[in-house]
Amino acid sequence: YECGALANQLAGISNSVNTEELSSVYNSFDMYVQYANSEGFGMPQLEAAQCAVPVMAIDYSAMSSVISNIKGTPLAPLTYSSECETGCVRAIPDNDLTTKLFSHFRSLPKEQLRLDGDRVQKNALKHYNWDNTAKMWNDYFEKTPVRDLNETWLSPPQKFVPHTSIPDGLTDRDY
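The text that follows walks through the structure, step by step, so that each part is easy to find. Remember, predicted model here, so these are calculated numbers, not experimental data. (Residues numbered from 1 in each chain as written. Predicted model: local features only at pLDDT ≥ 70, side-chain atom pairs only at ≥ 80, totals over all residues. Heavy atoms only, no water.)

**Concerning helix α2 (residues 43–50)**
- Among the residues of α2, Gln45, Leu46, Ala48 and Ala49 are the ones counted as buried. All buried residues of α2 project into a common sector of 165° when viewed along the axis, lining one side.
- Taken together, the buried residues of α2 touch α1 (19–26), β1 (32–34), β2 (55–58), α3 (61–70) and α5 (110–127).
- The first or second residue beyond α2 is Ala52, which carries a positive phi of 65°. (Buried < 20%, exposed > 50% of the residue type's maximum accessible area, 1.4 Å probe, protein only. Helix = DSSP H or I, 4+ residues; strand = E, 2+ residues; numbered from the N terminus. Arc of directions from axis to C-beta. Contact = heavy atoms within 4.5 Å.)

**As for the pairing of β2**
- Burial along β2 is two-sided: Val55 and Ala57 facing one way and Met56 and Ile58 facing the other are all buried.
- In this view, the connection linking β1 to its parallel neighbour β2 by way of α2 has right-handed handedness.
- As paired strands, β2 and strand β3 (residues 73–75) are joined by three bridges and run parallel to one another. Looking at β3, one finds that Met56 is bridged to Thr73.
- Crossover connection from β2 via α3 to parallel β3: handedness right-handed. (Right-handed = clockwise from strand over helix to strand, strands pointing away. Pairing = 2+ DSSP bridges.)

Honestly, it's all geometry; don't read function into it.
The following block contains the structure:
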(Lines give C-alpha, C1' and ligand atoms only; values in the text may rest on other atoms or scores of the structure.)
Protein backbone atom coordinates (compact mmCIF):
# COMPACT_ATOMS: atom_id res chain seq x y z
CA TYR A 1 0.00 0.00 0.00
CA GLU A 2 1.10 3.48 -0.70
CA CYS A 3 -0.76 6.43 0.85
CA GLY A 4 -3.83 4.26 1.40
CA ALA A 5 -3.99 3.04 -2.23
CA LEU A 6 -2.76 -0.12 -3.88
CA ALA A 7 0.61 0.53 -5.49
CA ASN A 8 0.98 -2.79 -7.34
CA GLN A 9 -1.07 -4.99 -9.62
CA LEU A 10 -1.11 -8.69 -10.33
CA ALA A 11 0.71 -9.68 -13.51
CA GLY A 12 -1.61 -10.48 -16.40
CA ILE A 13 -2.13 -10.10 -20.14
CA SER A 14 -2.12 -6.30 -20.02
CA ASN A 15 0.36 -6.10 -17.14
CA SER A 16 3.03 -8.67 -17.97
CA VAL A 17 6.51 -9.30 -16.65
CA ASN A 18 9.51 -9.96 -18.86
CA THR A 19 11.47 -13.22 -18.95
CA GLU A 20 14.14 -12.00 -16.55
CA GLU A 21 11.54 -10.84 -14.01
CA LEU A 22 9.66 -14.12 -14.28
CA SER A 23 12.92 -16.06 -13.82
CA SER A 24 13.72 -14.10 -10.69
CA VAL A 25 10.25 -14.88 -9.31
CA TYR A 26 10.71 -18.61 -9.90
CA ASN A 27 14.25 -18.51 -8.56
CA SER A 28 12.94 -17.09 -5.28
CA PHE A 29 11.12 -20.43 -4.73
CA ASP A 30 12.55 -23.39 -2.84
CA MET A 31 9.96 -25.59 -4.57
CA TYR A 32 7.17 -25.07 -7.07
CA VAL A 33 3.93 -26.95 -6.30
CA GLN A 34 1.15 -27.32 -8.89
CA TYR A 35 -1.67 -28.03 -6.43
CA ALA A 36 -4.56 -28.02 -8.89
CA ASN A 37 -7.56 -30.33 -9.12
CA SER A 38 -7.14 -30.59 -12.91
CA GLU A 39 -5.02 -28.98 -15.57
CA GLY A 40 -4.97 -28.76 -19.35
CA PHE A 41 -1.24 -28.14 -19.42
CA GLY A 42 0.59 -26.65 -16.46
CA MET A 43 3.01 -24.22 -18.05
CA PRO A 44 4.22 -22.95 -14.65
CA GLN A 45 5.56 -26.47 -13.92
CA LEU A 46 7.86 -26.16 -16.92
CA GLU A 47 8.78 -22.55 -16.21
CA ALA A 48 9.83 -23.50 -12.67
CA ALA A 49 11.67 -26.61 -13.89
CA GLN A 50 13.56 -24.63 -16.52
CA CYS A 51 14.71 -22.31 -13.72
CA ALA A 52 16.08 -25.41 -11.91
CA VAL A 53 13.41 -25.22 -9.19
CA PRO A 54 12.28 -28.64 -7.88
CA VAL A 55 8.65 -29.33 -8.85
CA MET A 56 5.78 -31.19 -7.18
CA ALA A 57 2.39 -31.63 -8.85
CA ILE A 58 -0.85 -33.51 -8.34
CA ASP A 59 -0.56 -36.77 -10.26
CA TYR A 60 -3.65 -36.17 -12.38
CA SER A 61 -4.60 -34.99 -15.88
CA ALA A 62 -1.90 -33.19 -17.85
CA MET A 63 0.11 -32.64 -14.68
CA SER A 64 0.84 -36.39 -14.59
CA SER A 65 2.67 -36.47 -17.90
CA VAL A 66 4.61 -33.28 -17.17
CA ILE A 67 5.71 -34.37 -13.69
CA SER A 68 6.67 -37.78 -15.08
CA ASN A 69 8.63 -36.34 -18.01
CA ILE A 70 10.59 -33.87 -15.89
CA LYS A 71 11.10 -36.44 -13.08
CA GLY A 72 9.55 -34.18 -10.49
CA THR A 73 7.64 -35.32 -7.42
CA PRO A 74 4.09 -36.60 -8.08
CA LEU A 75 1.49 -35.98 -5.38
CA ALA A 76 -1.06 -38.80 -5.34
CA PRO A 77 -4.63 -37.49 -5.04
CA LEU A 78 -6.63 -38.45 -1.97
CA THR A 79 -9.68 -39.18 -4.13
CA TYR A 80 -11.61 -37.94 -7.16
CA SER A 81 -14.86 -36.02 -7.39
CA SER A 82 -17.25 -35.44 -10.26
CA GLU A 83 -18.07 -31.77 -10.74
CA CYS A 84 -21.85 -31.28 -10.85
CA GLU A 85 -21.86 -28.38 -13.31
CA THR A 86 -19.67 -29.98 -15.98
CA GLY A 87 -19.44 -33.68 -15.14
CA CYS A 88 -15.64 -33.33 -15.19
CA VAL A 89 -13.68 -35.48 -12.78
CA ARG A 90 -11.48 -33.47 -10.40
CA ALA A 91 -8.63 -34.71 -8.21
CA ILE A 92 -8.87 -33.97 -4.51
CA PRO A 93 -5.33 -33.33 -3.23
CA ASP A 94 -4.12 -35.26 -0.18
CA ASN A 95 -3.09 -32.56 2.30
CA ASP A 96 -1.58 -35.07 4.75
CA LEU A 97 0.65 -36.65 2.09
CA THR A 98 1.67 -33.23 0.81
CA THR A 99 2.56 -32.10 4.35
CA LYS A 100 4.75 -35.20 4.78
CA LEU A 101 6.50 -34.54 1.48
CA PHE A 102 7.03 -30.88 2.42
CA SER A 103 8.61 -31.99 5.71
CA HIS A 104 10.83 -34.44 3.85
CA PHE A 105 11.78 -31.75 1.35
CA ARG A 106 12.71 -29.31 4.16
CA SER A 107 15.00 -31.95 5.69
CA LEU A 108 17.06 -32.42 2.51
CA PRO A 109 20.54 -30.93 2.31
CA LYS A 110 20.97 -27.91 0.01
CA GLU A 111 23.13 -29.98 -2.35
CA GLN A 112 20.30 -32.50 -2.83
CA LEU A 113 17.86 -29.68 -3.59
CA ARG A 114 20.28 -28.31 -6.19
CA LEU A 115 20.58 -31.78 -7.77
CA ASP A 116 16.75 -32.12 -7.80
CA GLY A 117 16.51 -28.72 -9.52
CA ASP A 118 19.18 -29.67 -12.04
CA ARG A 119 17.35 -32.95 -12.79
CA VAL A 120 13.98 -31.32 -13.51
CA GLN A 121 15.67 -28.62 -15.59
CA LYS A 122 17.56 -31.16 -17.71
CA ASN A 123 14.40 -33.22 -18.28
CA ALA A 124 12.25 -30.18 -19.02
CA LEU A 125 14.73 -29.04 -21.65
CA LYS A 126 14.91 -32.57 -23.07
CA HIS A 127 11.15 -33.12 -23.36
CA TYR A 128 9.82 -29.60 -23.96
CA ASN A 129 11.72 -27.56 -26.49
CA TRP A 130 11.08 -25.89 -29.83
CA ASP A 131 13.13 -28.46 -31.78
CA ASN A 132 10.94 -31.33 -30.50
CA THR A 133 7.79 -29.33 -31.18
CA ALA A 134 8.88 -28.46 -34.71
CA LYS A 135 9.82 -32.10 -35.38
CA MET A 136 6.40 -33.33 -34.19
CA TRP A 137 4.61 -30.90 -36.50
CA ASN A 138 6.95 -31.70 -39.37
CA ASP A 139 6.44 -35.46 -38.91
CA TYR A 140 2.68 -34.94 -38.82
CA PHE A 141 2.64 -32.92 -42.05
CA GLU A 142 5.02 -35.35 -43.76
CA LYS A 143 2.80 -38.39 -43.02
CA THR A 144 -0.58 -36.73 -43.57
CA PRO A 145 -1.80 -37.16 -47.15
CA VAL A 146 -2.83 -33.95 -48.89
CA ARG A 147 -6.27 -34.23 -50.40
CA ASP A 148 -7.34 -32.39 -53.50
CA LEU A 149 -8.93 -29.03 -52.66
CA ASN A 150 -12.03 -30.05 -54.60
CA GLU A 151 -12.56 -32.70 -51.90
CA THR A 152 -12.13 -30.25 -49.03
CA TRP A 153 -12.44 -26.42 -49.06
CA LEU A 154 -13.60 -26.13 -52.64
CA SER A 155 -16.05 -29.04 -52.50
CA PRO A 156 -19.76 -28.36 -52.95
CA PRO A 157 -21.66 -27.88 -49.71
CA GLN A 158 -23.21 -30.95 -48.16
CA LYS A 159 -26.76 -30.03 -47.30
CA PHE A 160 -28.54 -31.79 -44.48
CA VAL A 161 -32.30 -32.04 -44.87
CA PRO A 162 -33.85 -33.17 -41.60
CA HIS A 163 -36.93 -35.36 -41.45
CA THR A 164 -40.11 -33.38 -40.91
CA SER A 165 -41.83 -36.32 -39.22
CA ILE A 166 -40.71 -39.15 -36.97
CA PRO A 167 -40.07 -42.35 -38.99
CA ASP A 168 -42.21 -45.36 -38.03
CA GLY A 169 -40.82 -48.41 -36.26
CA LEU A 170 -37.90 -46.81 -34.41
CA THR A 171 -36.60 -48.48 -31.29
CA ASP A 172 -36.30 -46.32 -28.18
CA ARG A 173 -32.55 -46.11 -28.77
CA ASP A 174 -32.90 -45.11 -32.47
CA TYR A 175 -35.59 -42.58 -31.59
